[in-house]
Amino acid sequence: MGDDGTRRESGSVADNLTAVRGRIAAAAQAAGRAPDSVTLVAVGKSHPRAAIEAAIGVGQRVFGENRVQEAHGKFPPLRTAFPDLALHLIGPLQSNKVRDAVALFDVIETVDRPKLARALATEMARTGRRPACFVQINTGEEEQKAGVVPREADAFIALARDELGLPIIGLMCIPPVDEEPAMHFALLAKIAARNGMPALSMGMSGDYETAIRFGATHVRVGTAIFGPRPAPV
Ligand SMILES: *Cc1c(COP(=O)(O)O)cnc(C)c1O
């Protein structure tokens with residue numbers, strides 16, 4: 001919105017959340033879907049706890065963080081105060097952080113290699129705690145990016161879900177920044193459908209409406225809610 005004196009680009013977290021929720025509902029409706037078929041994962045990475053609290057204050061309960069250590073510093077006090085929070089890990093998970101991740105997160109969106117899948121299975125068996133998991137697919141087959149390449153997706157899902165028994169509920173992707181995201185969303189939806197996966201985590205601030213058109217059940221939105229991230233130190 002703009003010059004007419006109504007809401008600006010970088011308003012308060014509460015205003016931004018209202019706007020994003022409205023756009024999610026409109027995109028779902030336009031796609032013939034129920035608005036509540038899309039879960040908004042608010043990505044507060046590198047923003048302080050106060051920003052998360054502002055979102056909680058207007059009813060947001062699902063959050064995403066991309067680093068185990070940062071989430072560890074921010075969320076335990078919030079969880080105590082708000083036991084209904086759901087925390088998603090959306091960044092790469094090192095095998096040596098699996099213990100912390102299983103203890104802290106409700107959903108792990110970045111399962112992407114056999115060693116990690118085995119470590120998660122072992123830790124879940126040890127603790128009895130079983131966070132829902134997504135398999136991350138590297139739809140753009142980018143060298144530097146995490147995720148299973150599409151041609152190996154079916155075999156990896158078979159290993160993680162069927163052989164190791166991980167609670168895999170869906171697939172997640174981060175399209176290449178310089179490509180039209182729609183084709184990546186369509187590819188992710190296709191791999192999910194043929195593997196009987198109900199959940200699709202795709203779409204960020206710049207493209208979540210497109211993702212909803214292609215069937216996203218989870219959109220991960222940071223900047224459009226919390227504003228630009230402070231530069232990392
Ligand atoms: C940071 C991040 C997001 C949110 O990105 P925005 O463009 O700020 O909405 C979503 N998904 C992942 C995996 C991220 O790391």
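These numbers come from a predicted model, not from an experiment.

What counts, and at which threshold
- Residues numbered from 1 in each chain as written.
- Predicted model: local features only at pLDDT ≥ 70, side-chain atom pairs only at ≥ 80, totals over all residues.
- Heavy atoms only, no water.
- 1 Å grid on protein atoms, 1.4 Å probe; cavity = no way out; pocket = protein on both sides within 12 Å on 5 of 7 lines; lining within 4 Å.
- Points joined across faces, edges and corners; volume = space filled by probe spheres on them.
- Nonpolar A, V, L, I, M, F, W, Y, C, P; charged D, E, K, R; others polar.
- Near = heavy atom within 4 Å.
- Polar contact = N/O pair within 3.5 Å; in protein donor to acceptor, adjacent residues only side chain to side chain.
- Areas by Shrake-Rupley, 256 points an atom, 1.4 Å probe, with all protein chains shown as cover.
- Sits in = over half its atoms within 2 Å of the grid points.
- Helix = DSSP H or I, 4+ residues; strand = E, 2+ residues; numbered from the N terminus.
- Buried < 20%, exposed > 50% of the residue type's maximum accessible area, 1.4 Å probe, protein only.
- pLDDT = per-residue confidence, 0-100.
- Contact = heavy atoms within 4.5 Å.
- Pairing = 2+ DSSP bridges.
- Expected span 1.5 Å × (residues − 1).
- Right-handed = clockwise from strand over helix to strand, strands pointing away.
- Salt bridge = Lys/Arg side-chain N within 4 Å of Asp/Glu carboxyl O.

Some words on the layout of surface pockets
Empty space left among the atoms is revealed by rolling a probe the size of a water molecule over them.
Piece 1. Space inside the largest pocket adds up to approximately 520 Å³.
Piece 2. Around the largest pocket, the lining comprises 24 residues; the ones closest to its centre are Val 43, Lys 45, Asn 66, Ile 90 and Arg 229.
Piece 3. Residue classes in the lining of the largest pocket are distributed as 11 nonpolar, seven polar and six charged.

Observations concerning the site of the ligand
Piece 1. Taken together, the neighbourhood of the ligand is formed by Val 43, Lys 45, Ile 90, Met 172, Ile 174, Met 204, Ser 205, Arg 220, Val 221, Gly 222, Thr 223 and Arg 229.
Piece 2. Arg 220 has a polar side-chain atom sitting 2.9 Å from a nitrogen atom of the ligand.
Piece 3. Thr 223 has a polar side-chain atom sitting 2.5 Å from an oxygen atom of the ligand.
Piece 4. For the ligand, whose unbound accessible area comes to 390 Å², protein coverage reaches 90%.
Piece 5. Taking a 2 Å distance to the grid points as the criterion, the majority of the atoms of the ligand fall inside the largest pocket.
Piece 6. Looking at the shell around the ligand residue by residue, the class counts come to six nonpolar, three polar and three charged.

Examining the environment of Ala 26
Piece 1. Inspection of the secondary structure assignment puts Ala 26 in helix H1 (residues 13-30).
Piece 2. For Ala 26, a relative accessible area of 44% corresponds to the partly exposed category.
Piece 3. Placed 183 residues apart in sequence, Ala 26 and Glu 209 show a C-alpha to C-alpha distance of 8.7 Å.

Some points on the confidence of the model for the chain
Piece 1. Summarising the model, the chain shows a mean pLDDT of 94, and 95% of its residues fall at 70 or more.
Piece 2. Across residues 1-9 the pLDDT falls below 50, and counting only partners more than four positions away or on other chains, this stretch makes eight contacts in the model.

Regarding the environment of Glu 109
Piece 1. Tracing the sequence through the fold places Glu 109 in strand S4 (residues 107-111).
Piece 2. The class of Glu 109 is buried, set by a relative accessible area of 0%.
Piece 3. For the pair Glu 109 and Glu 179, spaced 70 residues apart in sequence, the C-alpha separation works out to 22 Å.
Piece 4. Apart from the residues within four sequence positions on either side, Glu 109 is in contact with Val 41, His 88, Leu 89, Ile 90, Phe 134, Val 135, Gln 136, Met 172, Ser 201 and Arg 220.
Piece 5. Polar contacts involving the side chain of Glu 109 include one to the side chain of His 88, which spans 2.7 Å.
Piece 6. A distance of 2.6 Å separates the side chain of Glu 109 from the side chain of Ser 201, its partner in a polar contact.

What to know about the pairing of strand S8 (residues 218-221)
Piece 1. Burial along S8 is two-sided: the face carrying His 218 and Arg 220 and the face carrying Val 219 and Val 221 are both buried.
Piece 2. Here strand S1 (residues 39-43) runs beside S8; their pairing, made up of four bridges, is parallel. Counted as the bridge partner of Leu 40 is Val 219 from S8.

Things to note about helix H7 (residues 181-194)
Piece 1. Between its first and last C-alpha, H7 extends 20 Å over 14 residues, near the 20 Å set by a 1.5 Å rise per residue.
Piece 2. On the buried face of H7, the contacting elements are helix H6 (153-163), strand S6 (168-172), strand S7 (199-201) and helix H8 (208-213).
Piece 3. The N-cap residue of H7 is Glu 180: its side-chain oxygen and the backbone nitrogen of Ala 182 are 3.2 Å apart.
Piece 4. Looking at the residues trailing H7, positive phi occurs at Gly 196, about 65°.

Considerations on the pairing of S1
Piece 1. Among the five residues that make up S1, four are buried, leaving the element largely enclosed by the rest of the structure.
Piece 2. Inspection of the sheet shows S1 paired to strand S2 (residues 62-65) by two bridges, in the parallel sense. Within S2, the residue paired with Val 43 across the bridge is Gly 64.
Piece 3. At this point the chain moves from S1, through helix H2 (residues 49-57), to the parallel S2, and the crossover so formed is right-handed.

A word on the pattern of salt bridges
Piece 1. Following the criterion strictly, the structure yields 14 salt bridges and no others.
Piece 2. The partner of Lys 74 in a salt bridge is Glu 70, and the shortest N-O contact between them spans 3.0 Å. Residue Lys 74 and its partner Glu 70 are both found in helix H3 (residues 68-81); the two are separated by four residues, about one turn of the helix. Accessibility assignment for this pair places Lys 74 and Glu 70 in one class, buried.
Piece 3. Between Asp 106 and Arg 79 there is a salt bridge, with the nearest N and O atoms lying 2.6 Å from each other.

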